[in-house]
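Structural overview
Below, each chain spelled out in residue letters.
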Amino acid sequence: MGVLLASGAQAQSDPLPSWNDGAAKQAIITFVSDTTTQGGPKFVPPAERIATFDQDGTLWVEQPMYSQVMYILESVPRLVKAKPELAKVAPFSTVLEILKGDHAAIAKLTLPDLEKLAFATLTGMSVDTFNAEVKKWLAEAKDSRWKKPYTELTYLPMQEVLKYLRDNGYKTWIVTGGGQDFVRQYAEQVYGVPPEQVVGSATGTTYSYGKDGKPFLTKEPKLLLDNNNAGKAEGIHLMIGRRPTMAVGNSTGDQQMLEYTRAGDGARLSMLVLHDDATREYAYGPAQGLPATKVGTFTQALYDQAQKQGWTVISMKNDWKKIFSFE
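The text that follows walks through the structure, step by step, so that each part is easy to find. It should be emphasised that the depicted structure is a prediction, and the values quoted were computed from it without experimental measurement. (Residues numbered from 1 in each chain as written. Predicted model: local features only at pLDDT ≥ 70, side-chain atom pairs only at ≥ 80, totals over all residues. Heavy atoms only, no water.)

What follows deals with helix α4 (residues 92–99). Counting buried positions along α4 gives six out of eight residues, so the element sits mostly inside the fold. Turning to α4, its buried residues are Phe92, Ser93, Thr94, Val95, Leu96 and Ile98. Looking at the packing, one finds that the buried side of α4 touches α3 (67–82) and α5 (111–122). Directly after α4, the chain includes Gly101, whose backbone phi takes a positive value near 115 degrees. (Buried < 20%, exposed > 50% of the residue type's maximum accessible area, 1.4 Å probe, protein only. Helix = DSSP H or I, 4+ residues; strand = E, 2+ residues; numbered from the N terminus. Contact = heavy atoms within 4.5 Å.)

Rendered as structure tokens:
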């Protein structure tokens, strides 16, 4: 009984129980301790405790396709139903082929195609209509591998980090290349991050009045903020107004956010998640000889930069005891 009580007390005292003991876990604990110890040389005042997290591939699964891209693709049939002529026009016709099971057709979609599809499915409606459609999709859509809602495919170790930081006076922000309005629909429920602490790629909105005289906002096909690469640092300045003391990402799209964070004075922590666990999740890079990918690319150059600049690389395979809460 004494042993059980002792082990229980030890488990409660560990803020990151899903992490294996190692350099990554120690870096987080040391950083939090250093920055929250009153009178210490690395103390950070509560108002300046800002931690930013990429979402796709950092907080939840991004393979084989970003979840928002799946939302865009699965929204095309609804669009075609309203405008039947689109069924014979690329890239809408290509998406219909993909949804019928022709996975090879995915390779036909170019970046301009995806942008065209995004504007067609994510704009041209009221903000309220969009929000309702996203929530409906999230409640019904399931990942092809685990057959679970996307909102359950969040990384338990990262959820523990978010909570640990908030318990120590940090504000946690999501800074994502994904759509700001899309992520705001579930960020609070899934991550404990309120919508006002989500910075993402954003389109314009137009204010107008309905037939009943009530005002509403319409989403317009005009990109205001491309919140990826250098856009992440620019978005942080625009939306947060403070340089983060900690930033976590997983791909080349996060490079500038990590650089910007690290360039500040005082204690700083920049981290990258390396997907190197093909059994429990996915393995991709091409850093460290892992398979190359267009989704969440982590190049060897980025890995080398992390080593050179003192960023912490988190090995999913070696640093995480559990990946998902349902394991």
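Summed over the entire model, instances satisfying the criterion amount to eleven salt bridges. Across the salt bridge formed by Lys25 and Asp21, the nearest N and O atoms sit 3.4 Å from each other. Looking at Lys25, the relative accessible area reads 5%, which means it is buried. A relative accessible area of 71% means that Asp21 is categorised as exposed. For Lys163, the salt bridge goes to Asp167, with nearest N and O atoms at 2.8 Å. Here Lys163 and its partner Asp167 are both found in helix α7 (residues 156–167), four residues apart, which amounts to about one turn of the helix. With relative accessibility at 54%, the residue Asp167 sits in the exposed group. (Salt bridge = Lys/Arg side-chain N within 4 Å of Asp/Glu carboxyl O.)

Turning to its location among the elements, Ser67 is positioned in helix α3. Taking C-alpha positions, Ser67 is 19 Å from Thr129, a pair spaced 62 residues apart along the chain. When neighbours within four sequence positions are excluded, Ser67 is seen to be in contact with Asp56, Trp60, Trp137, Tyr150 and Phe182.

The next point concerns the sheet that holds strand β5 (residues 246–249). Ordered in space as β4-β3-β2-β1-β5-β6-β7, the seven strands form an open sheet in which the pairing is mixed. Looking along the sheet, the strands with just one partner apiece sit at the ends: β4 (215–225) and β7 (312–315). Direction aside, the axes of adjacent strands within the sheet are offset by 35 degrees on average. Sheet analysis places strand β1 (residues 50–53) next to strand β2 (residues 171–179), joined by four bridges and oriented parallel. Across the sheet, residue Thr52 finds its bridge partner in β2, namely Trp173. Contacting β1, β2, β3 (198–209) and β4, helix α10 (residues 230–239) crosses the sheet at an angle of about 130 degrees to β2. Against the sheet, helix α11 (residues 255–262) makes contact with β1, β2, β5 and β6 (269–274), and its axis sits at roughly 160 degrees relative to β5, the strand it touches most. (Pairing = 2+ DSSP bridges. Axes fitted to C-alpha atoms, helices over the stretch in contact; angles between N-to-C directions.)

Once that is clear, we can look at unusual backbone geometry. Residue Gln63 is joined to Pro64 through a cis peptide bond whose omega torsion reads -5 degrees. Tracing the backbone through its elements, the reader meets Pro64 in the loop between β1 and α3. The omega torsion across Ala90 and Pro91 is 5 degrees, close enough to zero to call that bond cis. Looking at where Pro91 falls in the secondary structure, it is placed in the loop between α3 and α4. A positive phi angle, close to 55 degrees, is found at Asn229, a residue other than glycine. Relative to the helices and strands, Asn229 is located in the loop between β4 and α10.

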